[in-house]
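Observations on chain architecture
Each chain, written out:
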Amino acid sequence: MTTFDSDEAAKVHRQLHHALPSDPALRVKALESLVVERGMVAPETLDAWVEAYSEHIGPKRGAEMVARSWLDPSFRARLLEDAAAVAEELGFQGHASAHLKAVENTDRIHNVVVCTLCSCYPFSILGMSPSWYKSAAYRSRIVREPRKVLAEFGVELPEGVAVRVWDSTAELRYLVVPQRPAGTEGWSLEQLTALVTRNAMIGTERDLSPYVKGAA
Amino acid sequence: MSPPDAPAPFTDDSGPVFDEPWHAQVLALADAMVAAGHFSAADWAEALGAARAAAEARAAPDTVEGYYLCALEALEGLLARHTPIGAQIQRERKEAWSRAYLATPHGRPVELGR
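Report on the accompanying structure. (Residues numbered from 1 in each chain as written. Chains lettered and ligands numbered in written order. Predicted model: local features only at pLDDT ≥ 70, side-chain atom pairs only at ≥ 80, totals over all residues. Heavy atoms only, no water.)

**Brief notes about the overall build of chain A**
The cut-off we apply is this: Strands here are runs of E lasting at least two residues and helices are runs of H or I lasting at least four, both read from the DSSP assignment and numbered beginning at the N terminus. Only protein chains enter the accessibility calculation, which uses a 1.4 Å probe; a residue is then buried when its area is under 20% of its type maximum, exposed when over 50%, and partly exposed in between. Should any heavy atoms of two residues lie within 4.5 Å, those residues are counted as being in contact. Calculation of accessible area relied on Shrake-Rupley with a 1.4 Å probe; when residues are assessed, cover is drawn exclusively from the protein chains displayed.
Across its full length, chain A holds twelve helices and four strands. Buried residues in chain A amount to 47% of all 216 residues. Taking all contacts inside chain A whose residues are at least 6 apart in sequence as the whole, residues at least 24 apart take part in 68%. Working note: accessible area of chain A is about 10400 Å², and carbon and sulfur atoms make up 54% of it.

So, in structure tokens, the structure goes:
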């Protein structure tokens, strides 16, 4: 068919447009090509970052740190003293400038982390932050009404447990060290690591007991 | 102006880490620029915080897409302030990519016309 057909031309045009990335995708592509061609950032660095954070780095690094702290009191002491140094020892460091502080839950204290300014998060050890962590609702409400927000996550805190809300910054990020659940005596590092959830390390989950709910 | 009163659904999102490739790319770029010392982590947090505050002030939807749009806006602003890559250059490059996409037949790599 060689005759001009306006419907066909419109269809072709739509297909071409369909292939056009969205406005923000084009803006990102523009920035990327500009910084790469000026040698400000290596393209391999960007590719490696996207691959690592999309597929490989989840909360498992943080979970391993928590599980180790359950098994080894001296590791726990060092983690609470200087979590950034411990992360570096394990090869989990992110920005050199970003310090990490570990805060431990006890029978009397529950810790929960937020970034009220934007979305600072220890992503080199917890992977990408969940979407709710970035939401305006979480960022404002967890400070105002932490117990209510925690209840929405299914965390019912007894009266005697105080809540500490830690506000992350670009320079200081937090890792909540949840309590080791009862009934896990004799468990291996791998078994314990599998119990520790991302939300527990943000503080929106408290009880990691495998006998209460699934240890997903 | 005020945050929504209705409880947000703080559901666990165990889907893909990034909904769109550009979401990952914008964070990768920001992280790489900080690591290379073009601006600081504090600059990034401040710019992203300001973009978020502005979005909240104009009652933009509190969504994942909205978050990444703020991240993109923050990155564009930081490049304009801390590098020679100003807003005009950014706009022109975006238009150039747009033209390149429209001019490239299906199945061929999209390249900028020189």
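The rest of the description comes next.
**Here we look at the nonpolar core**
Proteins that are soluble and globular tend to have nonpolar side chains buried together. Counted only if it meets this: In these notes, a set of buried Ala, Val, Leu, Ile, Met, Phe, Trp, Tyr and Cys residues joined through side-chain atoms within 4.5 Å is what counts as a nonpolar core. Where each domain starts and ends comes from a domain assignment, either automatic or drawn from a database.
Within the largest apolar cluster, 91 residues are counted, with the highest numbers of intra-cluster contacts made by Met65(A), Tyr138(A), Leu27(B) and Trp44(B). Built from parts of two domains, this core gets at least three residues from each of domain 1 (6-41) and domain 2 (58-202) of chain A. One finds Leu26(A), Ala30(A), Ala96(B) and Trp97(B) within the second-largest nonpolar core, a separate group that totals six residues.

**Examining the interface of chain B and chain A**
The condition is simple: Buried area is a sum: the accessible area each of two parts loses on coming together, probed at 1.4 Å, counted once for each and added. We define a salt bridge as a contact between a side-chain nitrogen of Lys or Arg and a carboxyl oxygen of Asp or Glu at a distance within 4 Å. Counting of polar contacts relies on pairs of N or O atoms within 3.5 Å, with two restrictions inside protein: one atom must be capable of donating a hydrogen and the other of accepting it, and residues adjacent in sequence are counted only when both atoms are side-chain atoms.
On the side of chain A, 57 residues touch chain B, which itself brings 55 residues to the contact. Here chain B and chain A share an interface that buries about 5000 Å² over both sides, 70% of which is from carbon and sulfur atoms. At the boundary of chain B and chain A, one finds four salt bridges. Among the salt bridges present, the one from Arg27(A) reaches Glu76(B), with a minimum N-O distance of 2.8 Å. Inspection of the region where chain B meets chain A yields twelve residue pairs in polar contact (both at pLDDT 80 or more). Sorting the residues of the side of chain B that touches chain A by element identifies α1 (21-35), α2 (41-57), α3 (64-82) and α4 (87-103) of chain B as the ones contributing at least two each. A per-element tally of the side of chain B that touches chain A places α1(B) first, with twelve residues.

**Observations regarding the packing of helix α4 (residues 60-71) of chain A against helix α5 (residues 73-81) of chain A**
Each packed pair of helices is defined by two parameters, the angle between the axes and the distance between the axes. Residue and element names in this part refer to chain A. Short version of the rule: Lines are fitted to the C-alpha atoms to define the axes, a helix being fitted only along its stretch in contact, and any angle between axes, read from their N-to-C directions, falls within 0 to 180 degrees. The cut-offs work like this: below 35 degrees is roughly parallel, past 145 is roughly antiparallel, 65 to 115 is roughly perpendicular, and the gaps in between are oblique. Should the near helix be turned anticlockwise from the far one by less than a right angle, the crossing is left-handed, and should it be turned clockwise, the crossing is right-handed. Any residue that is not Ala, Val, Leu, Ile, Met, Phe, Trp, Tyr, Cys, Pro, Asp, Glu, Lys or Arg is counted as polar, Gly included; the first ten are nonpolar and the last four charged.
Close contact between α4 and α5 brings their axes to 5 Å; oriented N to C, the two are set at 130 degrees. Considering the angle they form, α4 stands oblique to α5. Pair α4 / α5 crosses with left-handed handedness. Taking contact as the criterion, the partners of Met65, Arg68, Ser69, Trp70 and Leu71 in α4 are, on α5, Pro73, Phe75, Arg76 and Leu79. For the contact of α4 with α5, the per-class residue count stands at six nonpolar, one polar and two charged.

**As for unusual backbone geometry**
Within the chain, Ala59(B) stands out as a residue other than glycine whose phi angle is a positive 60 degrees. Topologically, Ala59(B) is positioned in the loop between α2 and α3.

**Digging into the pairing of strand β4 (residues 172-177) of chain A**
Residue and element names in this part refer to chain A. Defined as follows: We call two strands paired when DSSP finds no fewer than two bridges between them.
For β4, the buried fraction is high: five of the six residues fall into the buried class. Direction of pairing for strand β1 (residues 99-104) relative to β4: parallel, over a ladder of six bridges. Note on β4: the bridge partner recorded for Glu104 is Val177.

**Re the packing of aromatic side chains**
What characterises a pair of aromatic rings is the spacing of the ring centres plus the angle enclosed by the ring planes. Residue and element names in this part refer to chain A. To be explicit about the condition: Stacked, tilted and edge-to-face are the three classes applied to pairs of Phe, Tyr and Trp rings, where Trp contributes its six-membered ring and a pair requires centres within 6.5 Å; stacked means planes under 30 degrees apart, edge-to-face means over 60, and tilted covers the rest.
Taken as a whole and judged by the stated rule, the model has 15 aromatic pairs over all chains. Consider the rings of Trp49 and Phe123, whose centres lie 6.2 Å apart with planes at 70 degrees: the pair is edge-to-face. On the criterion of sequence distance, the pair formed by Trp49 in helix α3 (residues 43-56) and Phe123 in helix α7 (residues 123-126) is long-range, its members being 74 residues apart. For the residue pair Trp49 and Phe123, the accessibility class agrees, reading buried in each case. Summarising the aromatic geometry, the rings of Tyr133 and Tyr138 are spaced 5.9 Å apart at their centres and angled 35 degrees between planes, so their arrangement reads as tilted.

**Some thoughts on a negative patch on the surface**
Note the following rule: Exposure above 30% relative accessible area and no salt bridge define the residues that can form patches, which grow by joining like charges within 9 Å and nonpolar side chains of Val, Leu, Ile, Met, Phe, Trp and Tyr within 5 Å. Neither His nor the chain ends contribute to the count of charged residues, in which Lys and Arg are positive and Asp and Glu negative. Charge coordinates come from a single atom per side chain, which is NZ of Lys, CZ of Arg, CG of Asp or CD of Glu.
A surface patch of negative charge is lined by Glu44(A), Asp47(A), Glu51(A) and Glu55(A). Of note, Glu51(A) is situated in helix α3.

**Description of α3(A)**
Residues and elements named next belong to chain A. The condition is simple: To estimate how far a helix should extend, the number of its residues minus one is multiplied by 1.5 Å. Within this analysis, the arc is defined by the directions that extend from the helix axis to the C-beta atoms.
With 14 residues, α3 extends 19 Å from end C-alpha to end C-alpha; this agrees with the ideal 20 Å at 1.5 Å per step. Those residues of α3 lying buried are Leu46, Trp49, Ala52 and Tyr53. Mapping the buried residues of α3 onto a view down its axis gives an arc of 135 degrees, with all of them on the same face. Across α3 from its buried face, at more than 90 degrees, point the exposed residues Glu44, Glu55 and His56.

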